[in-house]
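Each chain, written out:
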Amino acid sequence: MRPRALFAALLTLFGVLLVLLPRVASAHQVGLSRGEYKVDGATITAEFVFARREVLSLVRSMDEDGDGAISPTEIQHAREALGRAVVDRVSVRAGEGACPGMLDDAFLVEEDGFSLRAVYRCPASPRAVRVRLDVLDELPYGHRHIARADAGAGPTEHVLFGANRELGIAGLPGGGGEAPAAPKAEAKNEGFFGFFRMGIEHILFGYDHLVFLFGLVLVGGRLRALLLVVTAFTVAHSITLGLAVLGIWAPSGRIVEPIIALSVAYVGVENQLVKDAEKRWRITFPFGLVHGFGFAGALGEITLPRPQIPSALLAFNLGVEAGQLAVLALVLPLLVVAQKRKWLEKRGVKILSLGIAALGLVWFVLRIVDAEG
């Protein structure tokens with residue numbers, strides 16, 4: 001590959017990140033919600049947990065004083081609007097008939113969560129019901145809804161999103177048993193792979209993580225050194241991701257996100273001084289600990305039931321690693337070839353690194369402003 005063509009390929013990858021800059025400031029705000037669906041005769045009770053910021057995006061009028069927070073009084077005043085925005089946008093059907101729903105309760109929960117309880121009543125005890133979440137149309141692209149359905153024979157878990165927004169609950173007790181319920185193993189696999197896909201999407205849209213890794217390997221070095229850098233990052237973020245999701249300890253996102261941006265800027269600046277990646281794992285590990293708390297934001301915005309946490313954590317982390325390795329599989333061969341070109345060391349690395357440092361500083365400022373707002 002000619003030097004100009006190789007540099008153009010690397011510059012194109014970097015240019016994509018520049019185009020996506022407006023979205024990157026909040027790259028870790030991956031939409032995630034949880035729903036518990038229980039069937040008891042002709043009554044279906046649904047309990048939803050959303051991140052508070054997403055509820056405010058659905059019902060902007062609820063923030064009456066404009067302080068960006070939600071109070072119990074504001075919730076009471078917004079009950080009718082909440083019903084229209086959420087309950088009416090989640091439809092429950094038994095066969096061809098609809099099961100009308102109404103908001104039963106709404107309240108704040110821990111870890112910046114917001115819970116709503118809705119009750120849907122069918123004309124008679126159904127043999128099977130279907131739940132459709134059209135509210136997903138009003139939430140950010142890529143939002144995932146973790147659904148747990150219980151019809152009396154044991155819970156099943158599902159991951160719903162825009163293109164797969166329907167949940168079927170069949171073989172209900174006392175309803176004639178038209179169809180058997182899905183096997184538990186199948187449902188668990190669906191939940192596992194749902195979290196796995198979520199991890200892949202999170203790293204692919206976590207542009208600052210990718211820029212950080214790109215900056216680390218940009219200076220080149222032996223393959224062993226590059227792999228050690230990636231391994232140190234993986235081990236470190238796995239540790240803090242686990243600490244945060246298990247509820248052991250996690251700093252505020254208002255602190256973590258600006259530090260992640262500064263880590264990107266730091267790598268861009270350091271690239272002006274270092275000549276290879278031989279010892280860079282030493283900075284990759286501590287920065288990886290910080291990035292792990294950033295990854296945890298995707299799972300920490302809602303409160304997952306305790307039994308779900310280990311499998312969700314494992315699947316999500318494996319998805320992150322799969323996405324990370326896929327990106328590196330694309331970038332590393334280009335860098336290995338580029339290492340043989342003196343022009344990259346003299347000009348290309350410095351130009352790209354200056355861009356990385358600039359991006360990190362811009363993200364830092366945007367995140368500080370966003371935290372204060």
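Predicted model only: the values in this text are computed from it and were never measured. (Residues numbered from 1 in each chain as written. Predicted model: local features only at pLDDT ≥ 70, side-chain atom pairs only at ≥ 80, totals over all residues. Heavy atoms only, no water.)

### Some words on the sheet that holds strand 2 (residues 43–51)
Reading across from one edge, 5-6-2-1-8-9 is the order of the 6 strands in this open sheet, with mixed pairing throughout. On the outer flanks of this sheet lie strand 5 (101–109) and strand 9 (156–160), each paired with one strand and no other. Taking the axes of each pair of neighbouring strands and ignoring which way they run, one obtains an average angle of 20° across the sheet. Direction of pairing for strand 1 (residues 32–40) relative to strand 8 (residues 144–150): parallel, over a ladder of 7 bridges. By the bridge assignment, Tyr37 is partnered in strand 8 with Ala149. (Pairing = 2+ DSSP bridges. Helix = DSSP H or I, 4+ residues; strand = E, 2+ residues; numbered from the N terminus. Axes fitted to C-alpha atoms, helices over the stretch in contact; angles between N-to-C directions.)

### Considerations on the side chain of Ser115
The residue Ser115 is located in strand 6 (residues 113–121) in this model. Polar side-chain contacts of Ser115 include one of 3.4 Å to the backbone oxygen of Phe48. Those residues in contact with Ser115, other than ones at most four positions away along the chain, are Phe48, Val49, Asp105, Ala106, Phe107 and Val109. (Polar contact = N/O pair within 3.5 Å; in protein donor to acceptor, adjacent residues only side chain to side chain. Contact = heavy atoms within 4.5 Å.)

### Some thoughts on the packing of aromatic side chains
Aromatic ring pairs: the centre-centre distance and the angle between the two ring planes describe each pair. Scanning the model with the defined rule gives 6 aromatic pairs in all. Where Phe212 meets Phe233, the ring centres are 5.6 Å apart and the plane angle is 40°; that geometry is what we call tilted. Separated by 21 residues along the polypeptide, Phe212 in helix 7 (residues 207–218) and Phe233 in helix 8 (residues 223–245) bring together distant segments of the chain. A relative accessible area of 0% means that Phe233 is categorised as buried. Considering the side-chain rings of Phe212 and Phe287, the 5.8 Å spacing of their centres and the 90° angle between planes classify their relative orientation as edge-to-face. One end of the pair, Phe212, is in helix 7; the other, Phe287, is in helix 10 (residues 281–300), with 75 residues separating them in the sequence. According to the relative accessible area criterion, Phe287 is buried, its value standing at 19%. Taking NZ or CZ as reference, Arg144 lies 4.2 Å from the ring centre of Phe161, over its face. (Phe/Tyr/Trp six-rings, centres within 6.5 Å; stacked < 30°, edge-to-face > 60°. Buried < 20%, exposed > 50% of the residue type's maximum accessible area, 1.4 Å probe, protein only. Lys NZ or Arg CZ within 6 Å of the ring centre and 35° of its normal.)

### Concerning the nonpolar core
Phe212, Leu216, Leu218, Leu241 and Phe295 are the most contacted members of the largest nonpolar core, which totals 48 residues. Among the secondary structure elements, those contributing two or more residues to this core are helix 6 (184–205), helix 7, helix 8, helix 9 (253–270), helix 10, helix 11 (309–338) and helix 12 (342–372). Of the residues forming this core, the biggest block, 10 residues, is contributed by helix 11. Excluding residues that lie within four positions of it along the chain, Phe295 makes contacts with His202, Ile203, His209, Phe233, His237, Leu241, Phe316 and Val320. Listed in part, the 41 residues of the second largest apolar core include Phe48, Cys99, Val135 and Ala149. (Core = buried A, V, L, I, M, F, W, Y, C linked by side-chain atoms within 4.5 Å.)

### Concerning the sheet that holds strand 7 (residues 128–133)
Taking strand neighbours across the sheet as the criterion, the 4 strands line up as 4-3-7-10 in an open arrangement whose pairing is antiparallel. At either margin of the open sheet sits one strand with a lone partner, and together these are strand 4 (97–98) and strand 10 (166–170). As judged from the 4 bridges shared by strand 3 (residues 90–94) and strand 7, these two strands associate in the antiparallel manner. Counterpart to Ser91 in the pairing with strand 7 is Arg132.

### A word on the pattern of salt bridges
Under the defined criterion, the tally for this structure stands at 17 salt bridges. In this structure, the salt-bridge partner of Asp137 is Arg89, at a minimum N-O distance of 3.9 Å. Here Asp137 is found in the loop between strand 7 and strand 8, whereas its partner Arg89 is found in the loop between helix 5 (79–85) and strand 3, with 48 residues between them in sequence. Given a relative accessible area of 47%, Asp137 falls into the partly exposed group. The class of Arg89 is partly exposed, set by a relative accessible area of 28%. Here Glu166 ties to Arg132 by a salt bridge, and the two come within 3.0 Å at their closest N and O atoms. You can see Glu166 sitting in strand 10 and its partner Arg132 sitting in strand 7, a full 34 residues away along the chain. Each of Arg89, Arg130, Arg132, Asp134, Asp137, Glu138, Arg165 and Glu166 takes part in salt bridges that share partners, so that together they form one network. (Salt bridge = Lys/Arg side-chain N within 4 Å of Asp/Glu carboxyl O.)

### Some thoughts on the state of the cysteines
Disulfide: a covalent bond connecting the sulfur atoms of a pair of cysteines. Inspection of every chain in the model, using the stated rule, returns 1 disulfide. The disulfide bridge from Cys99 ends at Cys122, spanning 2.0 Å between sulfur atoms. Its S-S torsion of about 100° marks the bond between Cys99 and Cys122 as right-handed, since a negative value means left-handed. On the criterion of sequence distance, the pair formed by Cys99 in the loop between strand 4 and strand 5 and Cys122 in the loop between strand 6 and strand 7 is long-range, its members being 23 residues apart. (Disulfide = S-S within 2.5 Å.)

### Some details on the UniProt feature "transmembrane region" (unreviewed entry) in the protein
According to UniProt, the positions carrying the feature "transmembrane region" (unreviewed entry) are residues 202–219, 226–249, 255–274, 281–300, 312–337 and 349–369. Summarising residues 226–249: 83% helix, 0% strand, and an end-to-end C-alpha distance of 30 Å. Secondary structure content for residues 312–337 is 100% helix and 0% strand, and the end C-alpha separation is 38 Å. (UniProt positions renumbered as here; feature names shortened; annotations may be inferred.)

### Topic: a nonpolar patch on the surface
Together, Tyr141, Leu204 and Phe205 make up a nonpolar patch on the protein surface, roughly 360 Å² of accessible area in all. Here Leu204 lies in helix 6. Look at Leu204 and you get partly exposed, because its relative accessible area is 37%. (Patch = residues over 30% accessible without salt bridge, like charges linked within 9 Å, V, L, I, M, F, W, Y side chains within 5 Å. Areas by Shrake-Rupley, 256 points an atom, 1.4 Å probe, with all protein chains shown as cover.)

### Topic: the environment of Arg84
If you trace the backbone, Arg84 turns up in helix 5. Expressed as a C-alpha distance, the spacing of Arg84 and Leu58, which sit 26 residues apart in the sequence, is 9.8 Å.

### Here we look at the environment of Pro286
Tracing the backbone through its elements, the reader meets Pro286 in helix 10. Take Pro286: its relative accessible area is 38%, and that puts it in the partly exposed class. In the structure, Pro286 is positioned 49 residues away from His237 in sequence and 9.0 Å away in space, judged by C-alpha atoms.

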